[in-house]
Amino acid sequence: MSTTVAGIVFIVSLIVVLALVHRPLGDYMYRVYTGTRHNRVERGVYRLLGVRPEVEQTWGVYARSLLAFSVVSVIVLYALQRLQDKLFLSLGLGPVTDHVAWNTAISFVTNTNWQAYAGESTMGQLTQMAGLAVQNFVSASVGMAVAIALVRGFARNRTDLLGNFWVDLVRGCVRVLLPIAFAGALVLVAGGVIQNLAEPQTVTTLTGGTQAITGGPVASQEAIKELGTNGGGFYNVNSAHPFENATSWTNWFEIFLILLIPFALPRTFGRMVGQVRQGHAILAVMATIALASVVLTNVFELAGNATVPQAVGAAMEGKEVRFGVSNSATFAAATTLTSTGAVDSSHDSFTPLGGMMTLTNMMLGEVAPGGVGAGLYGMLILAVVTVFVAGLMVGRTPEYLGKKIGAREIKLASLYFLVTPALVLTGTALAMGSAELRASMLNSGPHGFSEVLYAFTSASNNNGSAFGGLTVNTPWYDVALGLCMAFGRFLPIILVLALAGSLARQAPVPASAGTLPTHRPQFVGMVVGVTIVLVALTFLPALALGPLAEGLV
Amino acid sequence: MERLPSWLRLHLAAIRAVAVLTVLLGLIYPLVTTGVAQALFNDNANGSIVQARGKDVGSALIGQSFTDADGNPVRKYFQSRPSAAGDGYDPLATSASNLGPEDVLDVLPVPGVEEGRQSLLTQVCARSKAIGELEGVSGARPYCTPSGVGAVLKVFPDRAVSVNQACPEAPFVTTYDGLKVECGKPGEDYAAGRTVPVRGDTRTPVVPPDAVTASGSGLDPHISAAYAELQAARVAAARGRSLDEVRRLIEANTTGPALGFMGRPAVNVLRLNLALDRS
């Protein structure tokens, strides 16, 4: 089978399997988030938490609970890193530097998993499994909770109540993420991913050198890292490391885990609003953009249009032999289309246009299909913007799912959209304005600019992948990118919950002849158009200075 | 609890939630997974360690350097890909090169002032030349000079400079677009010139792509089937074995693509070298 055909079969096989599982998983999550029974583990947890699971919350209380949980998480994770040398399983590593620990705490709590450190030489095993991996679960569950709260806003009428944050958080962890992660971890071990608590073992190699074979609870962390669209690697080189991603089929499986929940949530949404076809429309938008992006990334990487790939004969720099160019490109597209940010190859060494695709995927706001939860609420915001734009064209009051999109709703949606571009462009401008900060770039010229633009895009969109050449473990970058991650995560969440609250209060508007149908291909096309136009208008000048300048001139 | 102010109640619940979920997801989950993984897939879970004469010599999943103490390739062993992990294949310092696809300009060394820096293009050219010499084939590549550096000109209105070739080396071309080509003077700033990589007339290089590029992890345990084939004759000669025998061992240590379409065929270098030592 030729490289290209094999690459196509690889993509098609992912599509087929995702199409088969999105429905049962989406239905399962519908039952998880709408069920009224609590299982024994959950009842125990609620008792320990001191919360009453049957009491629902207004959007304000829901948001405050979420923020309180996140603030405590940051503090605990920071403390765990700073004190790791005094606890167990530290591998003899010292406390993590204060600015790196702060950056990492925010990074994992916001589901970004930006890594300003090299795992194998910075983080002890207890920090990895009881600190970082715990946030992999809960930050993903928080994302799903926010998405579900927004969907409840559409589904409910004349109420202030959006559900109970603690119940949504615990159910997401216990009923959705934990069982899939456990099964996934064992599949990964079957492929060769390690799972132990050993210290590095020094061996004498065949030619008499020495090599340290590292240990660690990697598979358990790897599974939730992909499933929760987190992306923070156990090791510096993330999913390129053979102990994180041992074979070509574990590579397929990891891409599958990344896309699993984000592509199933539209089904959950459709069930919750009582119109499955609305879920299909949202899924169609996500799938259209995702497929186009995966194909383009593959085309650019396989073409290898740049001086070094031409000299080499293939874009193999920074790629593993067992994956090859095409599967690496597919992984790169999947990880940036979602908010994962795990990498199985060095994005910094991609061709200019291939690298641009990863940047553009993040700039789209990670909505196709996006992070767990975050992708669905981002896409619903874009649907709201689209009905508004369409309403302006024909002069009608815009409605979506029987809810009026009035001044308050559209203000919240617009503010949501403006948060990340403001963070990305301001941060990049500040970094490029100082000669001292420019010194962090590994590459010079347009590619160096791309490194900085990529860093701020990745942090503000909570992706976490990087053009790895940029030196980011400096106080300035740690603080600046930490702020981008925090604002880029929590400002949109607050706006989404406010929108949910305002939608839930409304009485439903009966559909009339003037209502724009939001389940037809026409609407799907319009949402795709709005998404691309918004991003192009916002980021084209920045892309022109970086990857376009490098790739087209 | 009920009598506390609501903001305090919220934060107490948050603290308890972090504690409870840490125990469940941060201790019970990874430890149970470790137990089950150790029971079901003991070898995998512990890093697929391989042995020679009863001693651990590495992991089947982690590549090694097969070089002598001076860093020269050992002729009887198949060679791994270039590695950017520490000094090469160091699992405590995993890394890719992270160099971009248009990284073509070297910084020439000036003794005592500037140590210099090889661009990614020059690294590729130099590796290709060295491998060509080792295997007795042509190491020529597009965009590379015969001396094994990147063939790149900086073009000014009145002259052109082959910036990766330090004087007094003769430039790889004498003229460009009617302009005389000079050699590069270390320490001189050529930033103002237009960068022009010159493709040359090499079409398909003999040395395969994976042999001249560093992997994403710096620990890639594999080489391509083509790179293994290129090395087969040298290894057979160094060991006094027949080429067919060596080829059979290559075949036996090649995996993938899984299910016929996942990834590319990959030859495990450590397993192959072990098999050669054993047979």
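These numbers were taken from a predicted model, which means no experiment stands behind them. (Residues numbered from 1 in each chain as written. Chains lettered and ligands numbered in written order. Predicted model: local features only at pLDDT ≥ 70, side-chain atom pairs only at ≥ 80, totals over all residues.)

**Student:** So what about the overall build of chain A? Which residues, and what values?
**Tutor:** Counting its regular elements, chain A contains 20 helices and four strands. By its C-alpha atoms, chain A is 80 × 60 × 50 Å across when sized along the principal axes. Pairs at least 24 apart in sequence give 78% of the contacts found in chain A among residues at least 6 apart. (Helix = DSSP H or I, 4+ residues; strand = E, 2+ residues; numbered from the N terminus. Contact = placed C-beta atoms within 7 Å.)

**Student:** Residues and numbers for the overall build of chain B, please.
**Tutor:** For chain B, the count of helices and strands is six helices and ten strands. Against the 2.2 N^0.38 benchmark of 19 Å for 279 residues, chain B shows a C-alpha radius of gyration of 26 Å, more extended than a compact globule. Structurally, chain B occupies a C-alpha span of about 85 × 65 × 40 Å along its principal axes. Sorting the 279 residues of chain B into buried and exposed places 49% on the buried side. (Rg over C-alpha atoms; globule rule 2.2 N^0.38 Å. Buried ≥ 20, exposed ≤ 12 C-beta atoms within 10 Å, placed from the backbone.)

**Student:** Just give me the short version of the interface of chain B and chain A, but keep the residues and values in it.
**Tutor:** Reports of interface size often rely on the accessible area that becomes lost once the parts have come together. Taken together, the contact between chain B and chain A spans 93 residues of the former and 97 residues of the latter. Elements supplying a minimum of two residues to the side of chain B that touches chain A: α1 (6–40), α2 (42–45), β1 (49–52), β2 (55–59), α3 (120–135) and β8 (222–223) of chain B. Per-element tally for the side of chain B that touches chain A: the top contributor is α1 of chain B, with 22 residues. Residues that form the side of chain B that touches chain A fall into these classes: 53 nonpolar, 31 polar and nine charged. (Nonpolar A, V, L, I, M, F, W, Y, C, P; charged D, E, K, R; others polar.)

**Student:** How would you sum up α1 of chain B? Please name residues and give values.
**Tutor:** Taking 1.5 Å per residue as the helical rise, α1 of chain B with its 35 residues ought to reach 51 Å, and the 49 Å between its terminal C-alpha atoms agrees with that figure. Where α1 of chain B bends most, the angle comes to about 30°, and this point is Thr-22 of chain B. (Expected span 1.5 Å × (residues − 1). Bend = angle between axes of the 7 residues up to and from the residue.)

**Student:** Let's hear about the nonpolar core: which residues, and what values?
**Tutor:** Nonpolar side chains tend to gather and get buried jointly when the protein is soluble and globular. Residues and elements named next belong to chain A. Counting 258 residues, the largest nonpolar core has Met-286 and Leu-497 as its most contacted members. Ranked by residues supplied to this core, first place goes to helix α6 (residues 125–155) with 20 residues. Dropping the residues within four chain positions of it, Met-286 is found in contact with Phe-263, Pro-266, Val-367, Ala-368, Pro-369 and Met-379. (Core = buried A, V, L, I, M, F, W, Y, C linked by C-beta atoms within 7 Å.)

**Student:** Break down the domain arrangement of chain B for me, with residues and values.
**Tutor:** For chain B, the assigned domains read domain 1 (6–45), domain 2 (50–96 + 216–279) and domain 3 (98–213). Taken over C-alpha atoms, the centre of domain 1 of chain B sits 54 Å from the centre of domain 3 of chain B. (Domains from an automatic or database assignment.)

**Student:** Give a detailed account of the packing of helix α14 (residues 374–394) of chain A against helix α19 (residues 521–545) of chain A, specifying residues and quantitative values.
**Tutor:** Residues and elements named next belong to chain A. Where α14 meets α19, the closest approach of the two axes is 9 Å, and the angle between their N-to-C directions is 100°. Put simply, α14 runs roughly perpendicular to α19. In this structure, α14 uses Leu-382, Ala-383, Val-385, Thr-386, Val-389 and Ala-390 to contact α19, whose residues at the interface are Met-526, Val-527, Val-530 and Thr-531. A breakdown of the residues in the contact of α14 with α19 according to their chemical character gives eight nonpolar, two polar and no charged. (Axes fitted to C-alpha atoms, helices over the stretch in contact; angles between N-to-C directions. Parallel < 35°, antiparallel > 145°, perpendicular 65-115°, else oblique.)

**Student:** Tell me about the UniProt feature "transmembrane region" (unreviewed entry) in chain B, and name the residues and values.
**Tutor:** With numbering aligned to this structure, UniProt lists the feature "transmembrane region" (unreviewed entry) at residues 12–32 of chain B. Counting secondary structure, residues 12–32 of chain B comes out at 100% helix and 0% strand; the distance between its end C-alpha atoms is 29 Å. (UniProt positions renumbered as here; feature names shortened; annotations may be inferred.)

**Student:** Which residues make up the environment of Leu-92 of chain B, and what values do they have?
**Tutor:** Within the fold, Leu-92 of chain B resides in the loop between β2 and α3. Leu-92 of chain B sits in the partly exposed class, given 15 other C-beta atoms within 10 Å. When the C-alpha positions of Leu-92 of chain B and Thr-213 of chain B are compared, they lie 21 Å apart, and in sequence the two are 121 residues distant. Setting aside residues no more than four positions away along its own chain, Leu-92 of chain B makes contact with Glu-120, Ser-121, Pro-200 and Ala-212 of chain A together with Gly-86 of chain B.

**Student:** Residue-level account of the pairing of β1 of chain B, with values.
**Tutor:** Pairing analysis gives four bridges linking β1 of chain B to β2 of chain B, with the strands arranged antiparallel. Following the sheet pairing, Ile-49 of chain B is matched in β2 of chain B by Ser-59 of chain B. (Pairing = 2+ DSSP bridges.)

**Student:** Which residues make up the sheet that holds strand β10 (residues 266–268) of chain B, and what values go with them?
**Tutor:** Residue and element names in this part refer to chain B. One open sheet holds the three strands; their spatial order is β8-β10-β9, and the pairing between them is antiparallel. Each end of this open sheet is capped by a strand with a single partner; those strands are β8 and β9 (254–255). Note that β8 and β10 share two bridges and pair antiparallel. Its bridge partner being in β10, Ile-223 is matched across the sheet by Val-267. Where helix α6 (residues 269–278) meets the sheet, its contacts fall on β8 and β10, and the angle it forms with β10 comes to roughly 50°.

**Student:** Could you give an account of the sheet that holds strand β3 (residues 152–155) of chain B, naming the residues involved and the relevant values?
**Tutor:** All names here are of chain B. Ordered in space as β5-β6-β4-β3-β7, the five strands form an open sheet in which the pairing is mixed. Two strands close off the open sheet at either side, each with one partner strand: β5 (175–176) and β7 (194–197). Taken together, the three bridges between β3 and strand β4 (residues 160–166) define a ladder with antiparallel strand orientation. Its bridge partner being in β4, Leu-153 is matched across the sheet by Ser-162.

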